[in-house]
There are 2 protein chains.
Amino acid sequence: MDVILLGIGGMMPMPGRPLASALLRHEGRSTLFDCGEGTQVPLKAGSLGVAHLERIALTHLHADHVTGIPGLLMLVAQGGPRRPLGIVGSDDVCAYVRQTQALLKFHMPYPLAFQSLDPAGGSFRDAHGTLSWQPLEHRVPTVGFRYEEAPRPGAFSVERAEALGIPPGPLRAALQRGESIVVDGRRVASADVVGPPRPGRCVAYVTDTRPCAGAQALLDGCDVAIVEGMFRAHHADQAREKGHLTAVEAATLAAEAGVGRALLTHVSPRYDDAELVLLEREAQAVCPTVELGRPLERIPVPLR
Amino acid sequence: MDVILLGIGGMMPMPGRPLASALLRHEGRSTLFDCGEGTQVPLKAGSLGVAHLERIALTHLHADHVTGIPGLLMLVAQGGPRRPLGIVGSDDVCAYVRQTQALLKFHMPYPLAFQSLDPAGGSFRDAHGTLSWQPLEHRVPTVGFRYEEAPRPGAFSVERAEALGIPPGPLRAALQRGESIVVDGRRVASADVVGPPRPGRCVAYVTDTRPCAGAQALLDGCDVAIVEGMFRAHHADQAREKGHLTAVEAATLAAEAGVGRALLTHVSPRYDDAELVLLEREAQAVCPTVELGRPLERIPVPLR
C-alpha cells in the first residue's frame, strides 16, 4: 500500500505546481482522489499507468477538483476495452461527469460505474478494504475520503505450533484460516496458535474544508493522511471566509487524530515555493509529523 | 503584432509539452486560438496577462482544444468585472462552453459574447482587422482561422508635399486622411502625396485537418501561419485515417501559399523531442520557412 501525490496546488494549476490529487495503490488496484485540470500530466511524468485504476473519488464540484476528468477518461480509453471504472462522487459530481462526456462525445471503450455518495456519509466495502466518506464544511457540498485496509489475519506462532506438535502443511493452513484441527487425538483451536486479527492500514484524503467533525472522523488514527493546508496562519481570516484550512489548522487536526504522517496539499497559488517552506514550518511547530506534500514521491504505508 | 505559441502538443497534454494553442496580440488586444487542458499554465509561465484578452477562437469540439476553457474563464474572472469576452466557435462549441459553465456554476463577473460560426465560413471585421474562418476537413466539423490587419493608410511623401509647397501641420494631416486641400489657390488631392493603402499583415491558425481548399484559402500569402504538423511522413496513413496533416503536408501547403513563416504545432504525443527534430527536418526539406513551433517564443509579425 502506498500513496503518491500528483500535485499539491489549490484553486488553479500553476507552472511547476499541478493541482491537488493523490493516487492510492493497494493490492494491485489504485484509487485516484480528485482530478483537476492537468492531473494526467504528472501521472505520465511519474510513469504511473492507468491500467489498474479502479475508481476516481471526487470530493466536490469545483473546477480545480474535476475538470481533468475528460482528459483522464480519454487517457484510460487509450488502453482499449477494460473493466468498469468507478466514478465516486456526489450526485452533482456524477452528473457533471456524465454530461461532460455527452457534450464532448469522446470514445469510451469501457463503462463507467457511477457510485453516487450519500451526502451524510457512508462506505463501500470489498475484499481488500473499505472506502468511506464523511461530509466536510466548504462553500459547496463536499466530502472527504478514508480508505481502510480489511483487517489482516492474526500472526501465526510457529513456536506454539511446534510445541503443540503440529507439522508444517495443511493442518497449519487450516488453523491460519480460523479452523480447529485434531492432532494426535487432541483438539487444537485456531486461537491456540493464531493471534487476534490485526487492524488494516488506513489513509485519508481531506481537503476543502474548515475543521469539522467529518474531518476528525476521517483522520482518526490514520497511518497516512493527505490534508489541505491552503493558507499560512496570517491568512486565517481568508481560510474561514472561503471554507479552507490553514496549515496550522491541518496540523492541529492531524495531531488530535494521531495521524502517523500527514502530507499538506491544496496550497494557495499566492505562495511561491520559498513561502511554502514557511507554511510547512508553521505546521510542524504544531505537529512534527506533518510535512508539505512532494509530488511524485512514493509514500509507503507501513504495516502495523 | 505578434504571436506566441502556448503549446504544440496534439491529442493530450504531455509532461513538458502543453497542448496546441496560440496567442495573437495586435493593437493592445489579444485573441487566443484553442484552449485545451492546461493552456492556462503556459500563459502564466510566460507572464502573459489575460486583461487584454478580447476573444477565444475555438476550432472544434475535441477535448484537446476546449477543456481548458473553464479554468481560463476562472483565471479571467480573477481580474474582476471587465468588458465581454468573446467565445468564437461553432454552435456545438458555444453550447459546450455555456453548459460547462452552467454545470460547474463558477463565478463570472463579466459577460461572455458568443459568436457562433457559420460552418461554411465567414468573417468578423472591426476597426483593427478581420477574423475570418473556413471549414477544414477533420473527423468532426472544424474550422481554421485567419486574422488580417485592416489595410494601413498609404505612405505620405514628405518630398512631394514640400515640392507642392504644403507646410507641415493640419493641411498635411487632411491629405493623410484622404481629403483634398487647397494651397495657394491650387487644389491638391490626397493621392498626389499619399500612396495607395498598404495591405495589412496576416496570421493563420490551421490545425486538425487534411489538406483542403479551406486550409489553402486561410494560409494564402500569410506572414505567419501556425499549421498542424502532427505526423512524420512514415505515418501518413494515420494522418489520412484520423483527419490530420503530416509535417510534410503542412510544409507543402505553406510553400504553395507563400507563407512567410510557418510554425508547426499539434504534434503527436508518440514522438519525443528527438523525433520532433526529424519531423521538422522532413518539413524543411519541402519548405525552408517552416519550423517547429517553440512555446513562449515571441514571433513578431513584421510590417510589410
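Structure first, text after, so check above.
Reading the values: the criteria
Residues numbered from 1 in each chain as written. Chains lettered and ligands numbered in written order. Predicted model: local features only at pLDDT ≥ 70, side-chain atom pairs only at ≥ 80, totals over all residues. Heavy atoms only, no water. Helix = DSSP H or I, 4+ residues; strand = E, 2+ residues; numbered from the N terminus. Least-squares fit on C-alpha atoms with pLDDT ≥ 70 in both. Contact = heavy atoms within 4.5 Å. Pairing = 2+ DSSP bridges. Axes fitted to C-alpha atoms, helices over the stretch in contact; angles between N-to-C directions. Phe/Tyr/Trp six-rings, centres within 6.5 Å; stacked < 30°, edge-to-face > 60°. Buried < 20%, exposed > 50% of the residue type's maximum accessible area, 1.4 Å probe, protein only.

Draft legend 1. A look at unusual backbone geometry. The phi dihedral of Lys 105 of chain A is positive, around 50°, even though this residue is not glycine. Its place among the elements puts Lys 105 of chain A in the loop between helix H4 (91-104) and strand E6 (112-116). The phi torsion at Asp 34 of chain B lies on the positive side, around 65°, for a residue other than glycine. As for its position among the elements, Asp 34 of chain B is in the loop between strand E3 (29-33) and helix H1 (40-45).

Draft legend 2. Representation of the relation of the copies chain A and chain B within the structure. Least-squares fitting of chain A to chain B yields an RMSD of 0.1 Å, with the transformation described by 0.1 Å of translation along the axis and a rotation of 180°. The transformation just described matches what one would write down for a two-fold rotation axis. Taken as a fraction of all interface residues of chain A, those also at the interface in chain B reach 100%, which identifies the copy contact as same-surface.

Draft legend 3. Molecular detail of the sheet that holds strand E1 (residues 2-7) of chain B. Residue and element names in this part refer to chain B. Taken in spatial order, the seven strands of this open sheet run E6-E5-E4-E3-E2-E1-E16, and their pairing is mixed. In the strand order of this sheet, the two ends are held by strand E6 (112-116) and strand E16 (298-300), each with one partner. On average, each strand axis in the sheet is inclined to that of its neighbour by 20°, with strand direction left out of account. The strands touched by helix H3 (residues 69-77) are E3, strand E4 (53-57), strand E5 (85-89) and E6; relative to E4, the strand with the most contacts, the crossing angle is about 175°. Contacts from helix H4 (residues 91-104) reach E5 and E6 within the one sheet, and its direction differs from that of E6 by about 160°.

Draft legend 4. Main features of the packing of aromatic side chains. Residues and elements named next belong to chain A. Applying the stated criterion across every chain yields a total of six aromatic pairs over all chains. Aromatic side chains Phe 33 and Tyr 205 sit 5.2 Å apart centroid to centroid with 15° between the ring planes, which places their arrangement in the stacked category. Highlighted residues: Phe 33 in strand E3 (residues 29-33) and Tyr 205 in strand E12 (residues 202-206), separated in sequence by 172 residues. One exposure class covers both Phe 33 and Tyr 205, and it is buried.

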